[in-house]
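Coordinate inspection notes
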Amino acid sequence: MAIIGSPKGTHDLITDEARAYDYINKVCEEVATIYGFDPLLTPIFEANELFARGVGDATDIVRKEMYVFKDKGNRLMALRPEGTAGVIRSIIANKLYATNDLPLRLYYSGPMFRYERPQLGRYRQFHQFGVESVGSTSILADFEVILLAFHSLQALGFDDITIKINSLGRNEARVAYREALKQYYKPLLGKVCPDCKVRYEQNPLRMLDCKVESDVKFAKSAPKITDYLTTEDKDDLAFIRDSLENYGAKVVVDYGLVRGLDYYSGIIFEFEYVPTSGKDYGAIGGGGRYDKLVEDLGGPPLEGVGFAFGLERLHHILKEEGKLDHIPMKDDLMIVGMGEKTRTAAFSLLTTLRTYGLRGTTNFDDKSFKSIFKIAESRGARYALILGENELEREVVSVRNLETQEQTEVAFDEIVDYICHLFGIRGHHDCRCHDEDHECCDGDCDCECHGDDCECEADECHDPDCTCKNDKKKEKV
Ligand code: HAM
């Protein structure tokens with residue numbers, strides 16, 4: 001039978017790769033949490049109209065790249081091409097602005113869908129991690145989200161990021177600039193591509209990022225936004241540049257940067273990183289301020305600013321640069337049950353050891369020792385616990401160090417302690433005592449003392465909240 005491949009432009013995330021995505025997401029989440037952002041997850045499909053109104057009818061994303069379909073109730077729906085419109089819809093529908101302090105600080109992640117031509121770093125289903133800060137007009141809100149992105153990239157190990165910034169101007173400048181573009185393009189309308197004719201009517205700014213060669217030439221000679229920015233816009237741009245530089249970021253003011261979504265106004269930005277190989281994966285992230293999006297989607301007059309990273313692009317680069325080498329999970333042990341009778345005993349020993357937080361597997365079928373050890377090795381296990389029918393009869397387990405190949409026999413009633421000792425585990429895995437030797441808890445306590453020198457027996461723990469069961473400690477507290 002013919003094999004069914006994955007749809008064009010999609011990819012499976014297999015084990016370590018899935019783990020790497022998880023890790024990248026977690027690092028971003030941790031930094032966002034430090035910045036006071038909370039999670040908000042929205043559906044992966046929404047009413048088509050949300051993106052037409054939100055992202056913009058004139059954008060390539062809405063005109064050419066959306067996965068649009070009718071559901072069984074004849075509603076026109078779309079797979080989300082990006083996360084901002086859905087977050088704003090949710091804020092409005094749930095009136096989050098009325099019940100929370102402003103700005104709302106929210107983060108999200110998940111798959112996005114764009115019917116693009118697949119190429120290096122570009123997929124039809126890809127993943128984003130993004131944040132939105134909604135409800136403040138302060139330039140500090142812009143600075144905060146850019147700094148959050150910068151710190152996330154640093155935390156992931158990106159050490160030479162370039163942040164490209166520009167301003168599309170707030171209202172006044174945008175209206176004037178739009179008018180200037182219309183004046184400029186009016187006599188050229190007979191020569192521009194059919195798409196640009198539509199863009200001219202809907203949003204002439206989009207004509208500037210047309211990829212058709214002849215139109216690129218027109219775009220080069222078009223009026224520049226810089227000539228229309230107000231003093232306030234220019235001050236904002238300078239503030240962002242100087243403040244980011246103060247934090248050690250490499251910043252380039254790129255007046256040609258326009259971004260591909262219609263909701264932007266004011267500050268816009270993109271993050272770039274060129275790996276040692278020189279491969280061009282495209283921008284690793286981008287974002288900006290949007291002043292009318294909330295109102296355009298039927299909400300109150302609130303402004304927002306946000307960004308999104310492309311996780312595929314982050315992943316490709318980090319992998320290429322060897323910055324994900326610590327991700328592969330390693331098992332601690334493998335329990336080998338040899339012979340039908342031993343299987344249940346092997347499984348039950350494994351289950352007990354798992355409750356101590358030890359990672360491992362066991363075989364369900366008979367295989368040669370050679371192939372079982374090979375599996376154990378490929379999973380990174382340090383020990384194999386062998387239980388044959390002979391061991392079962394004598395109530396012992398053979399413990400083999402897979403590095404040195406040394407082997408020793410341990411009695412059934414001592415095996416759990418023995419293994420825990422090998423892995424430096426004195427207590428149940430719920431124990432939160434951070435004392436390496438668990439001296440204060442004897443391996444089974446609720447001690448939450450995080451002191452490096454936590455030796456409650458020596459009366460040195462000064463944490464009044466320590467609930468260590470050690471008697472002396474109790475007396476002292
Ligand atoms: P965007 O620039 O369209 O912005 O996408 C953000 C990032 O998603 C890009 O920089 C890129 O890394 C990644 N990306 C985009 N398309 C693809 C693709 N086809 N394959 C792989 N990666 C891709 C937005 O989506 C805005 N919603 C960001 C934002 C949030 N602005 C304000 N708030």
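Computed from a prediction, not measured in an experiment: that's the story for all the values here.

Some thoughts on the sheet that holds strand β9 (residues 267-272)
Ordered in space as β1-β5-β6-β11-β10-β9-β7-β8, the eight strands form an open sheet in which the pairing is mixed. Two strands in the sheet have a free side with no partner beyond their single neighbour: β1 (38-39) and β8 (250-253). The pairing of strand β5 (residues 104-113) with strand β6 (residues 125-134) spans ten bridges and is antiparallel. Residue Phe113 lies in a different strand from β6, and its bridge partner there is Gln125. Against the sheet, helix α4 (residues 84-93) touches β5, β6 and β10 (285-290), its axis set at about 135 degrees to β5. Sheet strands in contact with helix α6 (residues 139-156) are β5, β6, β7 (162-167), β9, β10 and β11 (304-310), and its direction is about 15 degrees off that of β11.

A closer look at the nonpolar core
In terms of nonpolar packing, the biggest core is built from 52 residues, with Phe51, Ile88, Ile91, Val134, Tyr185 and Leu208 touching the most fellow members. Take this core: its biggest share by element is five residues, from α4. When neighbours within four sequence positions are excluded, Phe51 is seen to be in contact with Glu46, Gly56, Val62, Met66, Ala78, Leu79, Arg80, Pro81, Glu82 and Ala85.

A closer look at the pattern of salt bridges
Close approach of charged atoms lets side chains of opposite charge pair. Throughout the structure, instances matching the rule amount to 26 salt bridges. Of the charged contacts in the structure, one is a salt bridge between Lys64 and Asp60, with a shortest N-O distance of 4.0 Å. You can see Lys64 and its partner Asp60 sitting in helix α3 (residues 60-64), four residues apart, about one turn around the helix. With its nearest N and O atoms 2.7 Å apart, the salt bridge here joins Glu409 to Arg394. Of the two residues, Glu409 is situated in strand β16 (residues 407-411) and Arg394 in helix α15 (residues 389-394); the sequence distance between them amounts to 15 residues. Under the relative-accessibility criterion, Arg394 is labelled partly exposed at 42%.

Structural notes on empty space enclosed by the protein
A complete count under the given rule lists one cavity of 30 Å³ or more for this structure. Computed from the structure, the largest cavity encloses a volume of approximately 40 Å³. Considering the residues around the largest cavity, the lining is formed by Leu168, Arg174, Asn203, Leu205, Arg206, Val258, Arg259, Leu261, Asp262 and Tyr264. Tallied by class, residues from the lining of the largest cavity come to five nonpolar, one polar and four charged.

Conventions we followed
- Residues numbered from 1 in each chain as written.
- Predicted model: local features only at pLDDT ≥ 70, side-chain atom pairs only at ≥ 80, totals over all residues.
- Heavy atoms only, no water.
- Pairing = 2+ DSSP bridges.
- Helix = DSSP H or I, 4+ residues; strand = E, 2+ residues; numbered from the N terminus.
- Contact = heavy atoms within 4.5 Å.
- Axes fitted to C-alpha atoms, helices over the stretch in contact; angles between N-to-C directions.
- Core = buried A, V, L, I, M, F, W, Y, C linked by side-chain atoms within 4.5 Å.
- Buried < 20%, exposed > 50% of the residue type's maximum accessible area, 1.4 Å probe, protein only.
- Salt bridge = Lys/Arg side-chain N within 4 Å of Asp/Glu carboxyl O.
- 1 Å grid on protein atoms, 1.4 Å probe; cavity = no way out; pocket = protein on both sides within 12 Å on 5 of 7 lines; lining within 4 Å.
- Points joined across faces, edges and corners; volume = space filled by probe spheres on them.
- Nonpolar A, V, L, I, M, F, W, Y, C, P; charged D, E, K, R; others polar.

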